[in-house]
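Survey of secondary and tertiary structure
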Amino acid sequence: DGGITQSPKYLFRKEGQNVTLSCEQNLNHDAMYWYRQDPGQGLRLIYYSQIVNDFQKGDIAEGYSVSREKKESFPLTVTSAQKNPTAFYLCASSGLSGLPNTGELFFGEGSRLTVL
Amino acid sequence: DAKTTQPTSMDCAEGRAANLPCNHSTISGNEYVYWYRQIHSQGPQYIIHGLKNNETNEMASLIITEDRKSSTLILPHATLRDTAVYYCIVRVADQGGKLIFGQGTELSVKP
């Protein structure tokens with residue numbers, strides 16, 4: 001079945017370590033997104049990519065890095081520079097071209113990162 | 001900043017209609033209104049979207065005012081499983097640009 005897969009679902013890391021979260025989609029979508037969600041809060045955009053080998057910063061990009069080497073993959077690295085990395089991370093994808101293009105976002109089930 | 005404003009929370013009795021409002025007074029002519037919902041600790045789920053006509057699907061109805069500055073999501077017969085945070089966002093359908101979510105409305109469906 002087509003969909004978007006995030007891994008791992010739960011992750012624990014020590015302070016100061018870099019962590020990479022995986023996001024893979026087989027929907028042939030051009031655009032991919034990373035959001036962060038803190039308890040009781042809405043989603044905040046970290047990075048997004050509209051095409052392979054290109055990406056843009058969202059509202060809270062500091063302390064994060066991404067790559068888009070393949071259309072189906074958009075991994076997020078939480079670096080040691082991120083001051084408060086403990087959060088729920090959500091990846092999403094969206095089609096840009098072709099019919100029917102509803103512009104709907106498809107979300108993964110999320111990755112919950114806890115920094116000890 | 002989010003381009004939409006929603007009430008922080010709402011209650012609804014089970015079996016009754018839930019009407020969730022959203023203001024988007026700065027919406028552009030080519031922007032659609034989308035609604036998503038998020039059940040605790042899961043990824044958001046698409047509900048419905050529209051441009052200017054009212055829309056209905058198996059989950060909900062979307063009523064957009066004639067001036068397109070506000071809209072209402074209607075869950076016709078709310079169930080306990082509809083308890084979730086509901087997000088209203090505006091975007092251009094065929095672009096993959098920056099997508100901003102607001103705080104959403106926390107809907108509690110009570111028995």
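Residues numbered from 1 in each chain as written. Chains lettered and ligands numbered in written order. Predicted model: local features only at pLDDT ≥ 70, side-chain atom pairs only at ≥ 80, totals over all residues. Heavy atoms only, no water.

It is worth spelling out the sheet that holds strand S3 (residues 19-25) of chain A at this point. Residues and elements named next belong to chain A. Here we have 4 strands laid out as an open sheet, ordered S1-S3-S8-S7, and antiparallel in their pairing. Only two strands of the sheet have a single partner each, and these edge strands are strand S1 (4-7) and strand S7 (64-66). Averaged over all neighbouring strand pairs, the angle between strand axes comes to 20°, with direction disregarded. (Pairing = 2+ DSSP bridges. Helix = DSSP H or I, 4+ residues; strand = E, 2+ residues; numbered from the N terminus. Axes fitted to C-alpha atoms, helices over the stretch in contact; angles between N-to-C directions.)

Under the counting rule described, the total for this entry stands at 5 salt bridges over all chains. A:Asp30 is the salt-bridge partner of A:Lys71, the closest N and O atoms lying 3.6 Å from each other. Placement of A:Lys71 in the loop between S7 and strand S8 (76-78) and of A:Asp30 in the loop between S3 and strand S4 (31-37) is noted, with a sequence separation of 41 residues between them. With relative accessibility at 26%, the residue A:Lys71 sits in the partly exposed group. Across the salt bridge formed by B:Glu31 and B:Lys3, the nearest N and O atoms sit 2.7 Å from each other. Highlighted residues: B:Glu31 in strand S3 (residues 31-38) and B:Lys3 in the segment before strand S1 (9-13), separated in sequence by 28 residues. Take B:Glu31: its relative accessible area is 8%, and that puts it in the buried class. Taking the relative accessible area as the measure of exposure, B:Lys3 reaches 35% and is therefore partly exposed. Linked through salt bridges whose partners overlap, the residues forming this network are A:Arg36, A:Asp38 and A:Arg44. (Salt bridge = Lys/Arg side-chain N within 4 Å of Asp/Glu carboxyl O. Buried < 20%, exposed > 50% of the residue type's maximum accessible area, 1.4 Å probe, protein only.)

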